[in-house]
Amino acid sequence: MCGIVGYCGPRATPEVLLQGLKRLEYRGYDSAGVCVAHHGKLQVVKRVGKLRELTLALDHSLPGSYGIGHTRWATHGGITETNAHPHLDRTGKIALVHNGIIENYETLRARLENKGYRFQSETDTEVIVQLISDFYQGDLEDAVRQTLSLLKGTYGLAILHADHPDIIIAARNGSPLVIGVGEGEMFLGSDVAAMVAYTRQVIYMEDGDIAVIDRQGYRLTNSFDRKVDKKIETISYQLEEIEKGAYPHFMLKEIHEQVHSIPRAYQGRIDHENATAKLGGLNMKSQQLLHIDRVKIIAAGTSWHAGMVGAYLLESLARIPAQVELSSEVRYRNPIIEKNCLYFAVSQSGETADTLFAMRELQRKGATVLGIVNAVGSTIARESNGGVYIHSGPEIAVASTKAFTSQVTVFYLLALMFARLRHLSWPEGKKFIAELESVPGKLSLALEQEAHIQALAKKYAAYKDFLFLGRGINFPVALEGALKLKEISYIHAEGFSAAEIKHGPIALINPETPSLFLVPNDSLRDKVVSNINEVKGRGGPVIAVCEDGDTEVMRLADDVITVPSVSEFFTPLVMVVPLQLFSYYCALELGRDVDQPRNLAKSVTVE
Ligand code: M6R
């Protein structure tokens, strides 16, 4: 995954690089490093561990007005200072940072070793810098081009050369890179967050682009060395959105933000007069939408769970056959593209490699793929055939929370739109809209349970295994609850359909394995209550999330978290919030690094 930054300009370069890396630490936090060029010399500082280690080690007043930096999520080679970026060539004059994976690095490395090159690290990255060195005959850009022509895999690169201390070369193929344009200064980053404190004017690089950047500007060419003209875009989000403010963690901030982020996903998109949704970004007319016979959704992780809720809504409300599949499985399954089938790629970051590559494969076969994406300008957003931004604002915590509820909200709009095109009456459409618009208020009530949930987390955090059980539209929410708990607290948790436990998982039930049941007052409630009885009968502790006033469940369960009553379709939005808080407080109780859990990164740009 990894994050890349670059800077040239009059500010204190180490400070700008560290600030940028701080904003990109969500992309990886195994190690970090910077290189600053000054008077024909490269100064490299690297440290293993979180960015604070580098911040402590680095002389913040290091002179030099050109620099590059990197925060690493290790792929090739262990988490060591030698494997940390920037990497230097054998002359020590070229420094390079890389995000991505070079698939043919072993062949390239062997070729260089035969020529007498000795490698310092175990990384795939080091072959790139040594190759540039091998090709270099005074023209850095030319050496970079020759090197890129040999690489197989993905890369976002930033390169410095001691003898060209007035330029940074950047190249992109499959890993995001953004150029920031300032006055007399230029920035580079894997994401606009790296530069938003300094400039709002950005250029999104495309695959194949190579940029030569200096203080005055940039020259962008493609892999055929032809000039590329790109429009400078203005980024809209505010600095506060990527800061914790008064919250101790981004995750808690983002859980609370849902009261506002859900409305942002539907505001301006509801046509009250016609009781439907208007989604111009789909780039499809009503007549075209009417011809859609089937919907397929591809996604990973939490976005996959949101897609499962979406498929349920599209089938139940709009009566369109809908399927959801893990994007990692789609690409290599040689998928069959059906006629009149519309695809949706769901991704918070818009950079998830599994989803991006699956989308490209589907498009290559002629499918129309629409994006449901949060990160504006991200690769999936740009390469999809249209789509809907979820507008939840930057999500920084590795554990996805507000993006999930906003993705689900977009599916409410899609289901409403398709349903109104087909069979749903005007009054039914009106009722659905009123229910959707009442959710944020209900979410505030759900958040009032926070102190109680914190107390429950204290009671349960020492357990080693958990089951999360739900049915129907809340089955994916059970999966999401289990994912949240395991990823940030490292407690083993599995999600199942409550009906499914009797087919195997019930064997796990004992007094040491709590089950967290989702029990909305819906058409399947009584069946779930029977499942609670089955677990209780076998000595398993039960926590139930149920509607306020459900006395039967309150009596049965060992502990209860109540949520306000909403109609069946909208229960995932109120059910998921207590699960997010429960995971958060369990992780806190266990002293985990909530926002940056071990082994993970926010944006998963490797397959
Ligand atoms: O950016 P995306 O939505 O495509 O990311 C997909 C998953 O990597 C992501 O949801 C992951 O599962 C989260 N860490 C879950 O909290």
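What counts and how
- Residues numbered from 1 in each chain as written.
- Predicted model: local features only at pLDDT ≥ 70, side-chain atom pairs only at ≥ 80, totals over all residues.
- Heavy atoms only, no water.
- Pairing = 2+ DSSP bridges.
- Helix = DSSP H or I, 4+ residues; strand = E, 2+ residues; numbered from the N terminus.
- Contact = heavy atoms within 4.5 Å.
- Axes fitted to C-alpha atoms, helices over the stretch in contact; angles between N-to-C directions.
- Salt bridge = Lys/Arg side-chain N within 4 Å of Asp/Glu carboxyl O.
- Buried < 20%, exposed > 50% of the residue type's maximum accessible area, 1.4 Å probe, protein only.
- Phe/Tyr/Trp six-rings, centres within 6.5 Å; stacked < 30°, edge-to-face > 60°.
- Lys NZ or Arg CZ within 6 Å of the ring centre and 35° of its normal.
- Parallel < 35°, antiparallel > 145°, perpendicular 65-115°, else oblique.
- Domains from an automatic or database assignment.
- Buried area = accessible area lost by both parts, 1.4 Å probe.
- Polar contact = N/O pair within 3.5 Å; in protein donor to acceptor, adjacent residues only side chain to side chain.
- Right-handed = clockwise from strand over helix to strand, strands pointing away.
- Near = heavy atom within 4 Å.
- Areas by Shrake-Rupley, 256 points an atom, 1.4 Å probe, with all protein chains shown as cover.

**Here's the deal with the sheet that holds strand 13 (residues 217-221)**
Move 1: Spatial strand order, 5-6-7-8-12-13: 6 strands in an open sheet with antiparallel pairing. Each edge of the open sheet is held by one strand with a lone partner, namely strand 5 (87-88) and strand 13.
Move 2: Two strands pair when backbone bridges link them, and strand 7 (residues 155-161) and strand 8 (residues 168-173) are joined in this way by 5 bridges, in the antiparallel orientation. In the sheet register, Tyr155 faces strand 8, and the bridge partner there is Asn173.
Move 3: Contacting strand 7, strand 8, strand 12 (210-214) and strand 13, helix 5 (residues 140-148) crosses the sheet at an angle of about 150 degrees to strand 7.

**So, the pattern of salt bridges**
Move 1: Applying the stated criterion to the full structure yields 34 salt bridges.
Move 2: Residues Arg525 and Glu552 are paired through a salt bridge, measuring 2.9 Å at the closest nitrogen-oxygen approach. With Arg525 in helix 16 (residues 525-537) and Glu552 in helix 17 (residues 551-556), the pair connects residues that are 27 residues apart, well separated along the chain.
Move 3: Under the relative-accessibility criterion, Arg525 is labelled buried at 10%.
Move 4: Glu552 sits in the partly exposed class, given a relative accessible area of 32%.

**Side note on the packing of aromatic side chains**
The description of an aromatic ring pair uses the distance of the two centres, along with the angle that the planes make with each other.
Move 1: Counted by the stated rule, this structure contains 13 aromatic pairs.
Move 2: Between Tyr460 and Phe466, the ring centres sit 6.4 Å apart and the planes meet at 65 degrees, which makes this aromatic pair edge-to-face. The pair formed by Tyr460 and Phe466 is uniform in burial state, with each residue classed as buried.
Move 3: With centroids separated by 4.8 Å and ring planes inclined at 85 degrees, the aromatic side chains of Tyr584 and Tyr585 adopt a geometry described as edge-to-face. Across the pair, exposure class does not vary: Tyr584 and Tyr585 are buried alike.
Move 4: Members of the aromatic cluster, each reached through a chain of ring pairs, are Tyr460, Tyr463, Phe466, Phe468 and Phe582.
Move 5: In this arrangement the basic side chain of Arg90 is found over the ring face of Tyr117, its NZ or CZ atom lying 3.8 Å from the centre.
Move 6: In this structure, Arg598 packs its charged tip against the face of Tyr490, placed 3.9 Å from the ring centre.

**Some thoughts on the packing of helix 6 (residues 250-266) against helix 13 (residues 426-447)**
Move 1: Running from N to C, helix 6 and helix 13 cross one another at 180 degrees; their axes reach a closest spacing of 9 Å. Overall, the two elements helix 6 and helix 13 adopt an arrangement that is roughly antiparallel. Every residue of helix 13 that contacts helix 6 at Ile255, His256, Gln258, Val259, Ile262, Pro263 and Tyr266 is listed here: Leu436, Glu437, Pro440, Leu443, Ser444 and Leu447.

**A closer look at the domain arrangement of the chain**
Move 1: Its domain assignment divides the chain into domain 1 (3-235), domain 2 (245-442) and domain 3 (448-595 + 603-607).
Move 2: Taken together, the contacts link 42 residues of domain 2 with 35 residues of domain 3.
Move 3: Taking both sides of the interface into account, the surface hidden between domain 2 and domain 3 amounts to around 3200 Å²; carbon and sulfur atoms contribute 68%.
Move 4: Applying the counting criterion to the domain 2 and domain 3 interface returns 1 salt bridge.
Move 5: Here Arg331 ties to Glu607 by a salt bridge, and the two come within 2.9 Å at their closest N and O atoms.
Move 6: Here domain 2 is connected to domain 3 by 16 residue pairs in polar contact (both at pLDDT 80 or more).

**Here's the deal with the environment of Val388**
Move 1: Following the sequence through the fold, Val388 ends up in strand 21 (residues 387-389).
Move 2: For Val388, a relative accessible area of 3% corresponds to the buried category.
Move 3: A sequence separation of 19 residues divides Val388 from Gln407, and the C-alpha atoms of the two residues are 9.4 Å apart.
Move 4: Among all residues touching Val388, those that are not within four sequence positions of it are Arg269, Leu279, Leu282, Gly371, Ile372, Val373 and Val410.

**Thoughts on the pairing of strand 17 (residues 294-299)**
Move 1: Counted residue by residue, strand 17 has 5 buried out of 6 residues, so it is predominantly covered.
Move 2: As defined by bridge partners, strand 17 adjoins strand 19 (residues 341-347) across 5 bridges and the pair is classed as parallel. Bridging from a neighbouring strand, Val295 pairs with Leu342 of strand 19.
Move 3: Looking at chain direction, strand 17 and strand 18 (residues 322-326) are connected through 5 bridges and run parallel. In the strand pairing of strand 18, Lys296 is matched with Gln323.
Move 4: Considered for its hand, the β-α-β crossover made up of strand 17, helix 8 (residues 301-316) and strand 18 is right-handed.

**Quick word on the site of the ligand**
Move 1: For the ligand, the set of nearby residues contains 15 residues, the closest of which are Ser303, Ser347, Ser349, Thr352 and Glu487.
Move 2: Here Ser400 contributes a backbone N or O atom positioned 2.8 Å from an oxygen atom of the ligand.
Move 3: At a separation of 2.9 Å, an oxygen atom of the ligand approaches a polar side-chain atom of Lys484.
Move 4: Taken by itself the ligand offers 410 Å² of open surface, and the protein chains cover 91% of this.

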